[in-house]
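Examination of the molecular architecture
Each chain is listed here by its residues.
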Amino acid sequence: MVKIHERKFVSADPEKCAGCQCCEYICSMTKEKSFNPLKSRIRVVRINQLINLAVTCRLCENPPCVAACPRDALTQSEETGLIAVDEDKCNGCGWCIEACDYGAIMLHPENKVVFVCDLCKEQGEPQCVKWCPEEALDLVTSDVLAQKARITAVKKLFQEAIKETSKSP
Amino acid sequence: MYGYAGRVLHVDLTTGKTHVEPLNEDYAKKYIGGIGLGIRLWLDHSKPGVEPLSPENPLILATGPISGTVWPTGGNGHAFVSKSPQSYGVGEAKAHGSFGTELKRAGYDAVIFKGKAEKPVYVWIDDDSVQLLDASHLMGKSPGDTEDAIREELGDYYIRVAAIGPAGEKLVRIACIINDKTRAAGRTGMGAVMGSKNLKAIAVRGTHDVTVAKPEEFMEYVKEFHERMKGPATQKYRTLGTPENVLVHNSLSCMPTRNYNNSRFEGAEKVSGENLNERFVAKIIGCSSCAMRCEHVCVVPEGPYKGTMTRMEYEPLWAMGPYCGVDRLDAIIKGMDLCNYYGIDAISSGVIVGFAMDCYEKGILTEKDFDGIDARFGNHEALVQLIEKIGKREGIGDILAEGVKVAGEKIGNGADKLAQHIKGVEVTGYDLRCLKTAALGFAVSFRGADHNRHGAYAFDVKGKVNRLVAEKGRGKMVKDMEDVYTLIDSFIVCKFSRGTYYKELEDMTKLYTLVTGIEMTPEEMKRSGERINNVARLFNIREGLGRKDDTLPYKVMHMPIPDEGPSKGAYVTQEELDLLLDDYYMARGWTREGIPTIEKLKELGMDDLIHIVEGKIGKIKKAEE
């Protein structure tokens, strides 16, 4: 049976993301009761003034971080796709960090074990999405992302025509 | 302590030694942070009459109690304080971005730089580890390139850097200190002070937690301000941005044009905020922790300046545009980019070029003096070339790099009368001839000509007073605004967010207490604002400034506005200025010479600084006898 993908993860819209790092502060406050971007599960990259994007775990299918762990400290939930870290097993070797293409799994500055976005399961919804002042963050499935990308591409292709139609009464 | 890191870092560049001292908690309560704390610390660490560009002039870098939190616009600020090589009084400039928040996480409320390094260095503050590293390979680089190079060599992309450019190295008096590529601590020449210490850059990595006293209530308050920031109070900054002022000021005939020869610009439409946004603004981005976002990033899509990318605000746009008679936005954007490249204050740069063009058109300077540049008003190529010359101290740029006051004196032949400055600091984009509340605010501003020390133009521009009249009562209006503005710069929050503090002092006090846990009433907070203005005045008095320096540029007092329209014929007479100054000093509880009285200082709990005024008040009384 063909099924649409239901796993949701936090994704930033590059058109909207202003690089303000509010998500980093909110994440560290939610998870660690302090303001410290180093303890945030989502990190902002600013390449230059025009290129800003917040990046966090994409809940990959067949996640390379899980495969890379030699101590079986990482597991992925079949239902939600979330990566769980067994802090007793993890020794901070960093192979998962190397394996992740997105820099989404990191070594905690104090606990010395890895940590990763869990979509704020205790809070019920990702707090970064809730707080993002630009509404640039969204909790989406890959199917929704594909839909959005298609619509944006088609809009760009037909921007002149869209302008014309919006002018008419 | 909450909010505060509780520590002050001392860096002696001469010996290379560093040490940490606890933050004086009494100072924290009385002077809050930012410029207030910075000015107070500067007084403790300097001797009267110190030469601004000498090793003995300390450079203070300070964050505020709010820095490092998620407070919208407040989490990210930092301030530099020193004796200004322009005014020889208070030098202070703030910037936002992501530098201040990093410094707080490194565990410092302030850093005091003293002495002078033997060869160029940069300071690498990595939490508790502080090192002076060789910067000879960074010399000649722009602040932005310096930032990239330091991140590369220290191997961490998230290191934050504040640096000077080639102009700061060459002690250009309008040199600034830039972080995050486009964020400048711009005014009063703090970059020259940094350059005089052979200090090319300050690199910071902070890994400590920042915590607040009442996290749950604080987060509720953050949420409320996120909502406020989506509302009307910040709409201007989020949409057209400050360049909206171009058409507003032009319609009121209060936009200094061609070095104050006019007060309105026929090319205003071409350089309007509307045109800028339509044609050049590629994206609006935000500083660390900000929920407002104001930074209009402009890209030139075509023409001789194609590909230039920079931030743009009203003041630099005005200075390099109308003030130089230039009506091309692409050239203004290029000029702004060059200011960021060389590390010079864009407002002062534009005003200096306008001054040079005026000298050229009046025959005081010739084409030969300009190495063949046809420096007439409106020549966009001359604008770009002259900014380069100032940044490099090349040809005529060497004299212009001293600022209009010194340049006017050096050039002679009446050039000093064309130099539009107050206390040696170049004017900003408000025609003071027809904005008389602003004129008072500018005259008494402790850092020289500036709109950001009081915001008193708002009364004039918004029609809350008759802007063409000087009358009693303006003194208290300016004073009250100043007291709030110094608090804004000491907290540090962004001035663009001031409208979101609906209850002003009450809201600011609540924020302060939630963050620091220090209980304070709005009245006490107001007195802190007043205290900071007094300590700044004491700084200036100790360094020899006084009533004689609370004055206005020559043209403001001698050249009535010639343009047809609502401001025609307006200027400020000596009598009007005296009336305004008397009214202001009275509102401040100062003597007629503008010196804080001993009673006032006692009332504000500033007994430890009475010695600065003691001798001076006595002398004046004797003179009166």
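Residues numbered from 1 in each chain as written. Chains lettered and ligands numbered in written order. Predicted model: local features only at pLDDT ≥ 70, side-chain atom pairs only at ≥ 80, totals over all residues.

**Some remarks on the overall build of chain B**
Note the following rule: Only DSSP runs of H or I reaching four residues or more are called helices, and only runs of E reaching two or more are called strands; each is numbered from the N terminus. Only the C-alpha atoms count toward the radius of gyration. The rule for a globule is 2.2 Å times the residue count to the power 0.38. Residue burial here comes from a neighbour count, namely the number of other C-beta atoms, placed from the backbone, that lie within 10 Å of the residue's own C-beta, with 20 or more meaning buried, 12 or fewer meaning exposed, and in between meaning partly exposed. We call two residues in contact when their backbone-placed C-beta atoms lie within 7 Å.
Check the secondary structure of chain B and you find 25 helices and 17 strands. At 23 Å, chain B has a C-alpha radius of gyration in line with the 25 Å of a compact globule built from 625 residues. For chain B, the spread of C-alpha atoms along the principal axes amounts to about 65 × 60 × 50 Å. Here chain B holds 625 residues, and 62% of them are scored as buried. At a minimum sequence separation of 6, the contacts of chain B that also span at least 24 residues come to 70%.

**A closer look at the packing of helix 2 (residues 34-44) of chain B against helix 19 (residues 474-491) of chain B**
Think of two packed helices as two axes; the pair is described by the angle between the axes and how far apart they sit. All names here are of chain B. Quick reminder of the rule: Geometry is summarised by axes, namely lines fitted to C-alpha atoms with helices restricted to the contacting stretch, and by angles between N-to-C directions that run from 0 to 180 degrees. Roughly parallel means an angle under 35 degrees; roughly antiparallel, over 145; roughly perpendicular, 65 to 115; everything else is oblique. Lys, Arg, Asp and Glu make up the charged group, whereas Ala, Val, Leu, Ile, Met, Phe, Trp, Tyr, Cys and Pro make up the nonpolar group; the residues left over, Gly among them, are polar.
The N-to-C vectors of helix 2 and helix 19 enclose an angle of 85°; their axes lie 4 Å apart at closest approach. Here helix 2 lies roughly perpendicular to helix 19, going by the angle between them. Contact with helix 2, carried on its side by Gly34, Ile35, Gly36 and Leu37, involves Thr486, Asp489, Ser490 and Phe491 of helix 19 and no other residues of that element. Each residue belonging to the contact of helix 2 with helix 19 can be placed in one class, and the counts come to three nonpolar, four polar and one charged.

**Side note on the interface of chain A and chain B**
In this assembly, 18 residues from chain A lie in contact with 26 residues from chain B. Looking at which element gives the most residues to the side of chain A that touches chain B, the answer is helix 1 (residues 22-32) of chain A, with four residues. A class-by-class count of the residues in the side of chain A that touches chain B yields eleven nonpolar, six polar and one charged.

**So, the confidence of the model for chain A**
Our working definition: pLDDT is a per-residue confidence score from the predictor, ranging from 0 to 100.
Mean pLDDT over chain A stands at 92; residues scoring 70 or higher make up 95%. Per-residue pLDDT, averaged within each element of chain A, yields its smallest value for helix 6 (residues 159-167) of chain A (72) and its largest for strand 7 (residues 114-115) of chain A (98).

**With respect to the sheet that holds strand 9 (residues 160-163) of chain B**
All names here are of chain B. Stated precisely, the cut-off is as follows: Two strands pair if DSSP finds at least two bridges between them.
Here we have six strands laid out as an open sheet, ordered 8-7-12-9-10-11, and mixed in their pairing. The sheet is open, and its two borders are formed by strand 8 (129-134) and strand 11 (183-185), each paired with just one other strand. For this sheet, the mean angle separating the axes of adjacent strands, direction not counted, is 20°. With four bridges joining them, strand 9 and strand 12 (residues 199-205) adopt antiparallel strand pairing. The residue bridging Ala162 from the neighbouring strand is Ile202, located in strand 12. Each of strand 7 (121-126), strand 9, strand 10 (177-179) and strand 12 is contacted by helix 4 (residues 143-154), which is oriented at about 140° to strand 9, the strand it contacts most.

**Considering the domain arrangement of chain B**
All names here are of chain B. For the record, the criterion: Either an automatic procedure or a domain database provided the assignment from which the domain bounds are taken.
We note that the domain assignment places domain 1 (7-205), domain 2 (230-426) and domain 3 (464-624) within chain B. The gap between the C-alpha centroids of domain 2 and domain 3 is 28 Å. In this complex, domain 2 contributes 17 residues to the contact, which on the side of domain 3 involves 18 residues.

**So, unusual backbone geometry**
Residues and elements named next belong to chain B. The omega torsion across Phe491 and Ile492 is -15°, close enough to zero to call that bond cis. Summarising the element assignment, Ile492 is placed in the loop between helix 19 and helix 20 (505-516). The phi dihedral of Leu171 falls on the positive side, at around 60°, and the residue is not glycine. Tracing the backbone shows Leu171 in the loop between helix 5 (166-169) and strand 10. Residue classification places Leu171 among the buried residues on the basis of 20 C-beta atoms within 10 Å.

**So, the environment of Phe80(B)**
Residues and elements named next belong to chain B. With respect to the helices, strands and loops of the structure, Phe80 is situated in strand 4 (residues 78-83). When the 27 C-beta atoms within 10 Å are taken as the criterion, Phe80 is described as buried. As a C-alpha pair, Phe80 and Leu581 span 501 residues in sequence and 28 Å in three-dimensional space. In this view, Phe80 contacts Leu59, Ile60, Leu61, Glu92, Ala93, Ile177, Ala185 and Met190; residues no more than four positions away in its chain are not counted.

**Description of the pairing of strand 1 (residues 7-12) of chain B**
Residue and element names in this part refer to chain B. Here strand 1 pairs with strand 2 (residues 18-22) via five bridges, running antiparallel. The residue bridging Leu9 from the neighbouring strand is Val20, located in strand 2. Pairing of strand 1 with strand 6 (residues 110-114) involves five bridges; the strand directions are parallel. Bridge pairing in strand 6 places Val8 opposite Ala110.

**Focus on helix 12 (residues 329-342) of chain B**
All names here are of chain B. Put simply, the rule reads: Working rule for helices: expected span equals 1.5 Å times residues minus one.
Under the 1.5 Å per step criterion, the end-to-end length of helix 12 is 20 Å for 14 residues, consistent within 8% with the ideal 20 Å. Of all 14 residues that make up helix 12, 13 are buried, and the element is covered over most of its length. Directly after helix 12, the chain includes Gly343, whose backbone phi takes a positive value near 80°.

**What about the pairing of strand 3 (residues 51-55) of chain A?**
Residues and elements named next belong to chain A. The side-chain alternation of strand 3 yields one buried face, formed by Asn52 and Ala54, and one unburied face, formed by Ile51, Leu53 and Val55. Where strand 2 (residues 43-48) lies against strand 3, five bridges are found, and the strand directions are antiparallel. Along strand 3, the bridge assignment pairs Val45 with Leu53. The loop that links strand 2 with its antiparallel partner strand 3 comprises two residues.

**Observations concerning the sheet that holds strand 14 (residues 295-299) of chain B**
Residue and element names in this part refer to chain B. Spatially, three strands are ordered 13-14-15 in an open sheet, and the strand pairing comes out antiparallel. At either end of the open sheet lies a strand with only one pairing partner, and these are strand 13 (281-285) and strand 15 (309-311). Taking each pair of neighbouring strands and ignoring which way they run, the sheet shows an average axis angle of 25°. Across four bridges, the pairing between strand 13 and strand 14 is antiparallel. Counted as the bridge partner of Lys283 is Val297 from strand 14.

**Some points on the packing of helix 20 of chain B against helix 21 (residues 522-542) of chain B**
Residues and elements named next belong to chain B. Running from N to C, helix 20 and helix 21 point in directions that differ by 95°, and their axes come no closer than 9 Å. The angle between helix 20 and helix 21 falls in the class roughly perpendicular. Only Pro522, Met525 and Lys526 of helix 21 make contact with helix 20, whose side of the interface consists of Leu505, Glu506, Met508, Thr509 and Tyr512. When the residues that make up the contact of helix 20 with helix 21 are grouped by side-chain class, the tally is five nonpolar, one polar and two charged.

**Observations regarding the environment of Lys510(B)**
Residues and elements named next belong to chain B. Among the structural elements, Lys510 can be located in helix 20. Judged by the 18 C-beta atoms lying within 10 Å of it, Lys510 falls in the partly exposed class. Considered as a pair, Lys510 and Met520 are ten residues apart in the sequence and their alpha carbons are 8.3 Å apart.

**Brief notes about the nonpolar core**
Residue and element names in this part refer to chain B. Threshold: Working definition: the nonpolar core is a set of buried Ala, Val, Leu, Ile, Met, Phe, Trp, Tyr and Cys residues, joined through C-beta atoms within 7 Å.
In terms of nonpolar packing, the biggest core is built from 246 residues, with Ala203 and Ala356 touching the most fellow members. Ranked by residues supplied to this core, first place goes to helix 13 (residues 346-361) with ten residues. Ignoring anything within four residues of it in the chain, the contact list for Ala203 reads Tyr122, Val123, Trp124, Ile125, Ile150, Leu154, Ile159 and Val161.

**With respect to helix 17 (residues 436-444) of chain B**
In terms of residue burial, helix 17 of chain B counts as a mostly covered element, since nine of its nine residues are buried. Buried residues in helix 17 of chain B make contact with strand 16 (421-422), helix 18 (457-461), helix 19, helix 22 (554-558) and helix 23 (574-588) of chain B.

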